[in-house]
Amino acid sequence: MTRLIYETHSTTVDNERGIATGWLPGELSERGRAESRELGLRWPDVDVVFSSDLRRAVNTVELSGLTVPHFVDWRLRECNYGELNGAPAGELEPRVDRAHTPFPGGQSYGDVVELTRSFLADVKRWYADATVLVVAHSANRWALDHLLGSRKPIEDLIESPFEWRPGWTYAL
């Protein structure tokens, strides 16, 4: 069995300003850099780390102090908000409308679920019996919870309030 630990990237300047970064790179804030170091202390015994290829996720891992292999995977990107990448977060509402309908010029949350499903198939194949840390974005957490956790419909997960915690653990 593969143990998968999921963490969101650390706090960014955009998070603090209420901006929906989407597929833009993003920059960790001072608080985010401190959170990255804490992440490494929380999970010293992982075998491998995967992250989104967006700068904020990569930097979270780089600043964590973890010394295990780190691979970036574009399938772990945040939902592409298309024309709304970099817009005030409120402009994405109601997000549930984008469960299966793409943002203008972007993706739907269902698209993120399918990319996550593909990623998980590869992890299961190549990292059986390993502890895998994944650092990505809120859409990926909904996808993981839909596929491995609560198995609730993606619409329900999108509408639930986000409650940060130090990692979510799943079994593959």
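Residues numbered from 1 in each chain as written. Predicted model: local features only at pLDDT ≥ 70, side-chain atom pairs only at ≥ 80, totals over all residues. Heavy atoms only, no water.

Q: Go over the overall build of the protein chain with me, naming the residues and quoting the values.
A: Counting secondary structure elements, the protein chain contains six helices and seven strands. Traced from its N-terminal end to its C-terminal end, the protein chain shows the element sequence β-α-β-α-β-α-β-β-α-β-α-α-β. Over its C-alpha atoms the protein chain spans a radius of gyration of 15 Å, differing by no more than 12% from the 16 Å that the globule rule assigns to 172 residues. Its C-alpha atoms put the protein chain at 40 × 35 × 25 Å along the principal axes. A burial count over the protein chain gives 49% of its 172 residues as buried. Put simply, of all contacts in the protein chain between residues at least 6 apart along the chain, 71% involve residues at least 24 apart. Split by element, the accessible area of the protein chain, about 8300 Å² in all, is 50% carbon and sulfur. For the protein chain, the distance from the average position of its 19 positive side-chain charges to the average position of its 26 negative side-chain charges is 3 Å. (Helix = DSSP H or I, 4+ residues; strand = E, 2+ residues; numbered from the N terminus. Rg over C-alpha atoms; globule rule 2.2 N^0.38 Å. Buried < 20%, exposed > 50% of the residue type's maximum accessible area, 1.4 Å probe, protein only. Contact = heavy atoms within 4.5 Å. Areas by Shrake-Rupley, 256 points an atom, 1.4 Å probe, with all protein chains shown as cover. Lys, Arg positive; Asp, Glu negative; His and termini not counted. Charge placed at Lys NZ, Arg CZ, Asp CG, Glu CD.)

Q: Give me the lowdown on the nonpolar core, citing residues and values where you can.
A: Membership of the largest hydrophobic core comes to 33 residues, with the highest contact counts inside it found for Tyr6, Phe50, Tyr81, Tyr109 and Val134. Elements supplying a minimum of two residues to this core: strand S1 (3–8), strand S3 (48–51), helix H4 (109–126), strand S6 (131–136), helix H5 (138–147), helix H6 (154–159) and strand S7 (168–171). Per element, the largest residue contribution to this core is six residues, and it comes from H4. Within the second largest apolar cluster, 10 residues are counted, among which are Ile5, Val61, Leu66 and Leu133. (Core = buried A, V, L, I, M, F, W, Y, C linked by side-chain atoms within 4.5 Å.)

Q: Account for the sheet that holds S3, with residues named and values stated.
A: If you trace the five strands from one edge of the open sheet to the other, you get S4-S3-S6-S1-S7, paired in mixed fashion. Strand pairing shows two members of the sheet lacking a second neighbour, strand S4 (70–72) and S7, which therefore form its edges. Each adjacent strand pair in this sheet contributes to an overall mean axis angle of 25°, direction not counted. Summarising the sheet, S1 and S7 pair through four bridges and their orientation is antiparallel. Counterpart to Ile5 in the pairing with S7 is Thr169. (Pairing = 2+ DSSP bridges. Axes fitted to C-alpha atoms, helices over the stretch in contact; angles between N-to-C directions.)

Q: Outline the side chain of His137, supporting the account with residue identities and numerical values.
A: Topologically, His137 is positioned in the loop between S6 and H5. If sequence neighbours within four positions are ignored, His137 has contacts with Tyr6, His9, Ser52, Leu54, Arg56, Ala57, Leu76, Arg77 and Glu78.

Q: Account for H4, with residues named and values stated.
A: For H4, built from 18 residues, the straight-helix expectation of 26 Å at 1.5 Å per residue is met to within 8% by its first-to-last C-alpha distance of 26 Å. Those residues of H4 lying buried are Tyr109, Gly110, Val112, Val113, Leu115, Thr116, Phe119, Leu120 and Val123. (Expected span 1.5 Å × (residues − 1).)

Q: I'd love a proper account of the packing of aromatic side chains, names of residues and values included.
A: The way to describe two aromatic rings as a pair is by their centre distance and the angle between their planes. According to the stated counting rule, one finds eight aromatic pairs in the structure shown. Judged by centre distance (5.3 Å) and plane angle (75°), the rings of Phe50 and Phe119 are edge-to-face. Highlighted residues: Phe50 in strand S3 and Phe119 in helix H4, separated in sequence by 69 residues. A relative accessible area of 2% means that Phe119 is categorised as buried. It is Arg77 that lies over the ring of Trp23; its NZ or CZ is 4.5 Å from the centre. (Phe/Tyr/Trp six-rings, centres within 6.5 Å; stacked < 30°, edge-to-face > 60°. Lys NZ or Arg CZ within 6 Å of the ring centre and 35° of its normal.)

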